[in-house]
Amino acid sequence: AQSVTQLGSHVSVSEGALVLLRCNYSSSVPPYLFWYVQYPNKGLQLLLKYTSAATLVKGINGFEAEFKKSETSFHLTKPSAHMSDAAEYFCAVSARNQFYFGTGTSLTVIP
Amino acid sequence: EAGVVQSPRYKIIEKKQPVAFWCNPISGHNTLYWYRQNLGQGPELLIRYENEEAVDDSQLPKDRFSAERLKGVDSTLKIQPAELGDSAVYLCASSLSGDYNEQFFGPGTRLTVL
């Protein structure tokens, strides 16, 4: 079985500061991992995904995530937050045709 | 390229009434998903289709929920009768087959049951 845990349901950062959103997964087989972003009243949009190639994955809007098997983590980072990054972020795991989302982290960017 | 289309965007009904949601996936996407997203939560899978076959409906409350995907393209999700606890956003997504493929999401239908 697969599962995802996102630590911190709300994260606030200052504009220009580092963004770090945490995601830990559990999977009995090598997983595929995803980060999605959801803006208010919009559908989810893929930021990036890990599919067993490079462990450091670069996505859209300057985001990246690193797959760490030893820590079962897939944390999302961005060096410098922008006001437009304020949204809900979801980590997801996929394996054996099972797809699970985390409960989400709401990112607030303070000007 | 057109994205995943859902209708209606908003629906308000009284409890015990029926309601239906429609989804048109991206052309060529074999896999279609219906999710329910409660406020402040992540999406929860209700049902997944591979073409016209429902391959995972383990989380679908079958006493009141039903879904179909005729001809392996459009899909309809129905609730009958609706309960207060069904108030949520219902999301449709589609993808190519395979665990590693990105899911493309529609804007969702926000259901309010009074």
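As the structure is a computational prediction, the values presented were derived from the model and not from experiment.

Check the secondary structure of chain A and you find 0 helices and 12 strands. Element order for chain A, N to C, with α for helix and β for strand: β-β-β-β-β-β-β-β-β-β-β-β. Relative to the compact-globule value of 13 Å for 111 residues, chain A shows a C-alpha radius of gyration of 13 Å, a close match. Overall size of chain A, expressed as C-alpha extent along the three principal axes, is 40 × 30 × 20 Å. Across the 111 residues of chain A, 45% fall into the buried class. Summed over its atoms, the accessible surface of chain A is roughly 5300 Å², and 53% of this surface lies on carbon and sulfur atoms. Each charge class in chain A can be summarised by its mean position, and for the 8 positive and 6 negative side chains these summaries are 9 Å apart.

What follows concerns the sheet that holds strand S1 (residues 5–7) of chain B. Residue and element names in this part refer to chain B. One open sheet accounts for 4 strands, arranged S1-S3-S8-S7; its pairing is antiparallel. With one partner strand each, in any of the chains shown, S1 and strand S7 (65–68) form the two edges of the open sheet. Looking at each pair of strands side by side, their axes are set apart by 15 degrees on average, direction ignored. One ladder, built from 4 bridges, connects S7 with strand S8 (residues 75–79); its direction is antiparallel. Paired with Glu68 across the bridge in S8 is Thr76.

Within the structure shown, the criterion is met by 17 aromatic pairs over all chains. Taken together, a centroid distance of 6.3 Å and an interplanar angle of 50 degrees make the contact between Tyr50(A) and Phe74(A) tilted. Placement of the pair is Tyr50(A) in strand S6 (residues 44–50) and Phe74(A) in strand S9 (residues 73–78), with a sequence separation of 24 residues. Looking at Tyr50(A), the relative accessible area reads 8%, which means it is buried. For Phe74(A), a relative accessible area of 0% gives the class buried. Ring centres of Tyr35(B) and Phe105(B) lie 5.6 Å apart, and the angle between their planes is 40 degrees; on these two criteria the pair is classed as tilted. Of this pair, Tyr35(B) sits in strand S4 (residues 31–37) while Phe105(B) sits in strand S10 (residues 104–105), placing them 70 residues apart in sequence. Classification of Tyr35(B) as buried rests on a relative accessible area of 0%. Under the relative-accessibility criterion, Phe105(B) is labelled buried at 10%. Of the aromatic side chains, those joined through ring pairs into one cluster are Phe34(A), Tyr36(A), Phe90(A), Phe99(A), Phe101(A), Tyr33(B), Tyr35(B) and Phe105(B).

Criteria and cut-off values
- All chains use their own residue numbering, which begins from 1 and follows the written sequence.
- For naming, the first written chain is A and the first written ligand is 1, with later ones following in the order written.
- Only residues with pLDDT of at least 70 are given local features in this predicted model, and only at 80 or more are side-chain atom pairs given and counted; all residues enter the totals for whole chains, interfaces and linings.
- Hydrogens and waters are ignored; side-chain quantities use all the structure's heavy atoms.
- Secondary structure elements are defined from DSSP: runs of H or I of at least 4 residues count as helices, runs of E of at least 2 residues count as strands, and each element is numbered from the N terminus.
- Note that the radius of gyration is over C-alpha atoms, with the globule rule given as 2.2 Å times the number of residues to the power 0.38.
- Each residue's exposure class comes from its accessible area (1.4 Å probe, protein chains only) as a fraction of the maximum for that residue type: buried when under 20%, exposed when over 50%, partly exposed otherwise.
- Accessibility throughout is a Shrake-Rupley quantity obtained with a 1.4 Å probe, and a residue counts as covered only by protein chains that appear here.
- In this charge count, Lys and Arg are treated as positive and Asp and Glu as negative; neither His nor the chain ends contribute.
- Charged groups are reduced to one reference atom each: NZ for lysine, CZ for arginine, CG for aspartic acid, CD for glutamic acid.
- Pairing between strands requires that DSSP locate at least two bridges from one strand to the other.
- Axis lines are fitted to C-alpha atoms, over the contacting stretch for helices. Their N-to-C directions set the angle, which ranges from 0 to 180 degrees.
- Any pair of Phe, Tyr and Trp rings, taking the six-membered ring for Trp, is counted once the centres come within 6.5 Å. Such a pair is stacked with planes under 30 degrees apart, edge-to-face with planes over 60 apart, and tilted for the rest.

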